[in-house]
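The residues making up each chain are set out below.
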Amino acid sequence: MQSSLIHMGHRLKQILKQKKIKIVDFAAMAGFTNQIAHYHLRKNDMKRATMERFCTLIDITPDEFMRWNGAMQLSQGKNIHHGDRLQQIIAEKGLNKSKLAGRLDMSRRTMYNLFEKESFSPDELERVAKGLDMTVEGFLNPGTVQESRVTDSEEMMLMREKYYKLLEEHTQLLKSYATIKDELLQVKKEMTTLRKQKD
């Protein structure tokens, strides 16, 4: 069986070490706990789809993963400048920088500092991707399907939030209308009373 030729977990660990990616950072990039990261690094075999996902995260091709020999040059052409990528997405989506800074929960100055950075920390990557309504993988890989897709559950959550906000506003308007209606009835009564008193 071909998979027994390479201990997939050890290979992944070797690549992470050579690319100077800490296991805790890799876990954050992949969106799981440290324990699960170590579980994958101990496994002799892994599914092709899992391996391809990990390759995307650490910026190598599946072919490079399979042929990795310890001396292999890290792919230069594929690396993207994270700050430039962020500016590109802002321009493509026509985003308001002040609003985006708010969504990223940072000042405009801090956001502008990101534009200069060649690579973001896992925390910055996560925050930027979330603020842009995209996945980390989509941010790192321009042109992929994941780039602009918000997951169904996230979309449902956003829709639910909008629905409840509108429902709240509607309820508030109904209450205001009822109050105004009551006040108008009161004014009419008082007017009628005043007229009767004059007569």
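Predicted model, so just to flag it, every value in this text is computed and none were measured.

Caption draft 1: The overall build of the chain, seen in detail. Helix and strand counts for the chain stand at 11 helices and 0 strands. Along its sequence from the N terminus, the chain presents helices and strands in the succession α-α-α-α-α-α-α-α-α-α-α. Burial statistics for the chain: of 199 residues in total, 30% are counted as buried. Excluding contacts between residues fewer than 6 apart, the proportion of contacts in the chain whose partners are at least 24 apart in sequence is 58%. Carbon and sulfur atoms make up 55% of the accessible area of the chain, which totals about 13,900 Å².

Caption draft 2: Highlighting the pattern of salt bridges. Per the counting criterion, the structure on display carries 3 salt bridges. Here Arg-48 makes a salt bridge to Glu-52, at a shortest N to O gap of 2.8 Å. Here the residue Arg-48 and the residue Glu-52 both occupy positions in helix α4 (residues 48-58), the gap between them amounting to 4 residues, near one helical turn. Residue Arg-48 is classed as partly exposed on the basis of its relative accessible area, which comes to 49%.

Caption draft 3: How the structure looks around the nonpolar core. Ranked by internal contacts, the top residues of the largest apolar core, which has 22 residues, are Leu-12, Phe-26, Ile-58 and Phe-65. Residue assignment for this core shows that the elements contributing at least two residues are α1 (8-18), α2 (23-30), α3 (34-42) and α4. The leading source of residues in this core is α4, at 5 residues. Once residues within four sequence positions are removed from consideration, Phe-65 is found in contact with Met-8, Arg-11, Leu-12, Ile-15, Met-51, Cys-55 and Ile-60. Within the second largest apolar cluster, 19 residues are counted, among which are Met-111, Phe-115, Ala-129 and Leu-132.

Caption draft 4: Local environment of unusual backbone geometry. Its identity is not glycine, yet Lys-20 carries a phi of approximately 55°, on the positive side. Within the element layout of this structure, Lys-20 appears in the loop between α1 and α2. Look at Asp-133: it is not a glycine, yet its phi comes out positive at around 60°. Mapped onto the elements, Asp-133 comes out in the loop between α9 (122-131) and α10 (136-140). What makes Asp-133 partly exposed here is its relative accessible area of 30%.

Caption draft 5: Spatial organisation of the packing of aromatic side chains. What the rule picks out here adds up to 6 aromatic pairs. Measuring from ring centre to ring centre gives 5.2 Å for Phe-26 and Phe-54, while their planes differ by 75°; the resulting arrangement is edge-to-face. One end of the pair, Phe-26, is in helix α2; the other, Phe-54, is in helix α4, with 28 residues separating them in the sequence. Its relative accessible area of 0% is what places Phe-26 among the buried residues. Centroid distance Phe-32 to Phe-54: 6.1 Å. Interplanar angle 80°. Geometry classified as edge-to-face.

Caption draft 6: Structural detail: the side chain of Arg-11. One can find Arg-11 in helix α1. Although Arg-11 is buried, it forms no salt bridge, and the closest oppositely charged side chain is Asp-63 at an N-O distance of 9.5 Å. Side-chain polar atoms of Arg-11 contact the backbone oxygen of Met-66, separated by 2.9 Å. With residues up to four places along the chain from it excluded, the contact list for Arg-11 reads Ile-6, Phe-65, Met-66, Arg-67 and Trp-68.

Each value, and the rule that gives it
Residues numbered from 1 in each chain as written. Predicted model: local features only at pLDDT ≥ 70, side-chain atom pairs only at ≥ 80, totals over all residues. Heavy atoms only, no water. Helix = DSSP H or I, 4+ residues; strand = E, 2+ residues; numbered from the N terminus. Buried < 20%, exposed > 50% of the residue type's maximum accessible area, 1.4 Å probe, protein only. Contact = heavy atoms within 4.5 Å. Areas by Shrake-Rupley, 256 points an atom, 1.4 Å probe, with all protein chains shown as cover. Salt bridge = Lys/Arg side-chain N within 4 Å of Asp/Glu carboxyl O. Core = buried A, V, L, I, M, F, W, Y, C linked by side-chain atoms within 4.5 Å. Phe/Tyr/Trp six-rings, centres within 6.5 Å; stacked < 30°, edge-to-face > 60°. Lys, Arg positive; Asp, Glu negative; His and termini not counted. Polar contact = N/O pair within 3.5 Å; in protein donor to acceptor, adjacent residues only side chain to side chain.

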